[in-house]
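Descriptive structure summary
Each chain, letter by letter, is given below.
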Amino acid sequence: MHRPYTDRRVQFKFLPVLLFAISAAAQERHVIVISLDGFPASRLHDSNVPFPVLRRLARDGAIAEGMKPVNPTVTWPNHTSLVTGVLPAQHGLLYNGLPVRNGDGKSLRIEPWVEKKELVLVPTVADAARDAGQTTAEVDWVAIYPHTSVTWAFPERPQADQPEVRELIAEGVITTDEIRDSGKTAITMHDDAWVRAAARIIEKHKPNVLLMHLLTTDSVQHTYGTNTLAGNAALILADRQIERVLAAMDRAGIRDSTTLIIVSDHGFRSYRKRIAPNALLREQGLLRTPDDCDAWAISEGGTALVYVTRESKREVTVKAMQDLFRNIPGLTRVIWPAEFEQYGFPKWMPGGRMADLVLVAEPGYGFDGAIDGPVVSDVPGNIPAGAHGYLSGDPEMNEILVAWGAGSGWVSNWDWCLISMLPRPSRAFSASSGLPAAAR
Ligand SMILES: [Zn+2]
């Protein structure tokens, strides 16, 4: 069973590493963080899958058994916890964007392109580095729009008129066609462009801090499941991409002064059965269309967050939902507001970001946003799909963490979850960094 999210120390899990590395960066040192989206810790420890680069870095540097993610175990909330050191209850990210209510009696939508100052409620480590006078860069990092919050950026949606992008085009690193067509091309093309951009930024600008994020690992495991031939091939490709970053560090002459930290933001599970909570709400008369509903569920894979959407019917809707989700195959638990804090979710408040309840799927099942069709159905085709979003505490959601290079020696004794690592190095730096008190 999943353990409830009671250990508050987990919120400090990664920040000390970054703060240590960045405090070192003040003396002409560098820290490069590469996030390989959805790389499960369990796969990295599977000796049947070849990861020569990661394993070499781990051997010469340090490796954690795994990092425990935060709830919800999805991309933007976990990336934001990595760079703020606090739980979603404090930084405010529950989705890959901001949940926006479409009006009373209507559904919600997730708005990704919201400015960071509205989306992220506390400062990040990149803000702290910038405020400490260091240079920063990001390549496809999340919840960081607009990119002007860092010195150099190659954002998820690059624009040809952005100075850094113009520079990369002029140098032949990226083509204008790639930028123009980036909304239509496959994720493998994006990853490749992101690696080229990051390599060039390292070589030319030698930023003190670079945050970069690759996504093919996530996309392939969603489509083909995890620990499959396709899923593992995507992880192996990500392993090789790191080599290109190392080569760029050599060309820049900063290998000896760089700490390289490779992480992921959650693990993965394969599933063959889908649960559609909105179809259940519709069946029970609580939802007619997205523009006419008393409640609305947003799927995050292994969990789904359900909102009361028509305030005048709140009481009767909550009452109806108390029994509604019982006896649904694969729906293992309903979390109500009284329990939110122990899972790291924000406090509930009317009209706020947080839902009224959280549904939890058991392994083998994943939530789906469908309104029509059966409540529980098979994933189409003869292959599993992949999802994350299962409760933190599920070991398959654990993230990878490998550190290598300058300043990584002190972390060689870290334990599997880093929660004992809040240590010393963070304090001196963060005391003057403006980071939230919780992160110190
Ligand atoms: Zn992710």
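All of the points below concern the structure found in this document. Keep in mind it's a predicted model, so treat the numbers as computed, not measured. (Residues numbered from 1 in each chain as written. Predicted model: local features only at pLDDT ≥ 70, side-chain atom pairs only at ≥ 80, totals over all residues.)

1. Examining helix α14 (residues 314-324)
Buried residues of α14: Thr317, Met321 and Leu324, and no others. Projected down its long axis, α14 carries its buried residues within an arc of 55°, all on one side. Those residues of α14 that are exposed and angled more than 90 degrees off the buried face are Glu315, Lys319, Gln322 and Asp323. (Buried ≥ 20, exposed ≤ 12 C-beta atoms within 10 Å, placed from the backbone. Helix = DSSP H or I, 4+ residues; strand = E, 2+ residues; numbered from the N terminus. Arc of directions from axis to C-beta.)

2. Here we look at the pairing of strand β4 (residues 108-111)
Summarising the sheet, strand β3 (residues 98-101) and β4 pair through four bridges and their orientation is antiparallel. When the sheet's bridge partners are listed, proline 99 is paired in β4 with isoleucine 110. The turn linking β3 back onto β4 is made up of six residues, and glycine 103 within it adopts a positive phi angle of 130°. (Pairing = 2+ DSSP bridges.)

3. Things to note about the nonpolar core
Most often, soluble globular proteins have nonpolar side chains that are buried together. In this structure, Ala198, Leu210, Ile262, Ala295 and Val306 are the most contacted members of the largest nonpolar core, which totals 123 residues. Counting residues domain by domain, this core receives three or more from each of domain 1 (17-86 + 122-268 + 395-431) and domain 2 (271-387). If we skip the residues at most four places from it in the chain, alanine 198 touches Val139, Leu210, Met212 and Val245. (Core = buried A, V, L, I, M, F, W, Y, C linked by C-beta atoms within 7 Å. Domains from an automatic or database assignment. Contact = placed C-beta atoms within 7 Å.)

4. Digging into helix α10 (residues 187-205)
The end-to-end C-alpha distance of α10, which contains 19 residues, comes to 26 Å, matching closely the 27 Å that a straight helix rising 1.5 Å per residue would cover. Among the residues of α10, those classed as buried are Asp191, Ala193, Trp194, Val195, Ala197, Ala198, Ala199, Arg200, Ile201 and Ile202. Where α10 terminates, the next one or two residues include lysine 206, which has phi positive at roughly 45°. (Expected span 1.5 Å × (residues − 1).)

5. Some words on the sheet that holds strand β15 (residues 357-361)
Here four strands make up an open sheet; going across it, the order is β12-β13-β15-β14 and the pairing antiparallel. A strand with exactly one partner marks an edge of an open sheet, and here the two such strands are β12 (295-299) and β14 (331-335). Between one strand and the next, the sheet's axes are offset by a mean angle of 25°, whatever the strand orientation. In this structure, β14 lies alongside β15, joined through four bridges in antiparallel fashion. Considered in β15, the bridge of valine 334 is made with leucine 359. (Axes fitted to C-alpha atoms, helices over the stretch in contact; angles between N-to-C directions.)

6. Looking at the pairing of strand β13 (residues 303-308)
Extensive coverage of β13 is indicated by the burial of six of its six residues. On β13, burial covers both faces: Thr303, Leu305 and Tyr307 on one face and Ala304, Val306 and Val308 on the other are all buried. Here β12 runs beside β13; their pairing, made up of five bridges, is antiparallel. Across the sheet, residue tryptophan 296 finds its bridge partner in β13, namely tyrosine 307. If you look at the hairpin formed by β12 and β13, you'll find three residues sitting between the two strands, and glycine 301 has a positive phi there, around 90°. Pairing geometry for β13 and β15, over four bridges, is antiparallel. Across the sheet, the residue bridging to valine 306 is leucine 357, located in β15.

7. Points about the environment of phenylalanine 51
Considering the arrangement of structural elements, one finds phenylalanine 51 in the loop between α2 (41-44) and α3 (52-60). Here the alpha-carbon distance between phenylalanine 51 and aspartate 239, two residues 188 residues apart in the chain, equals 5.9 Å. Once residues lying within four places of it in the same chain are set aside, the contact partners of phenylalanine 51 are Leu44, Ile236 and Asp239.

8. Some words on the packing of α3 against helix α12 (residues 229-252)
Interaxial distance between α3 and α12 falls to 7 Å at its minimum, and their mutual angle equals 60°. Here α3 lies oblique to α12, going by the angle between them. The residues of α12 that touch α3, namely those facing Pro52, Val53 and Leu54, are Asp239, Arg240, Ile242 and Glu243. A class-by-class count of the residues in the contact of α3 with α12 yields four nonpolar, no polar and three charged. (Parallel < 35°, antiparallel > 145°, perpendicular 65-115°, else oblique. Nonpolar A, V, L, I, M, F, W, Y, C, P; charged D, E, K, R; others polar.)

By themselves, these figures tell us nothing about what the structure is for.
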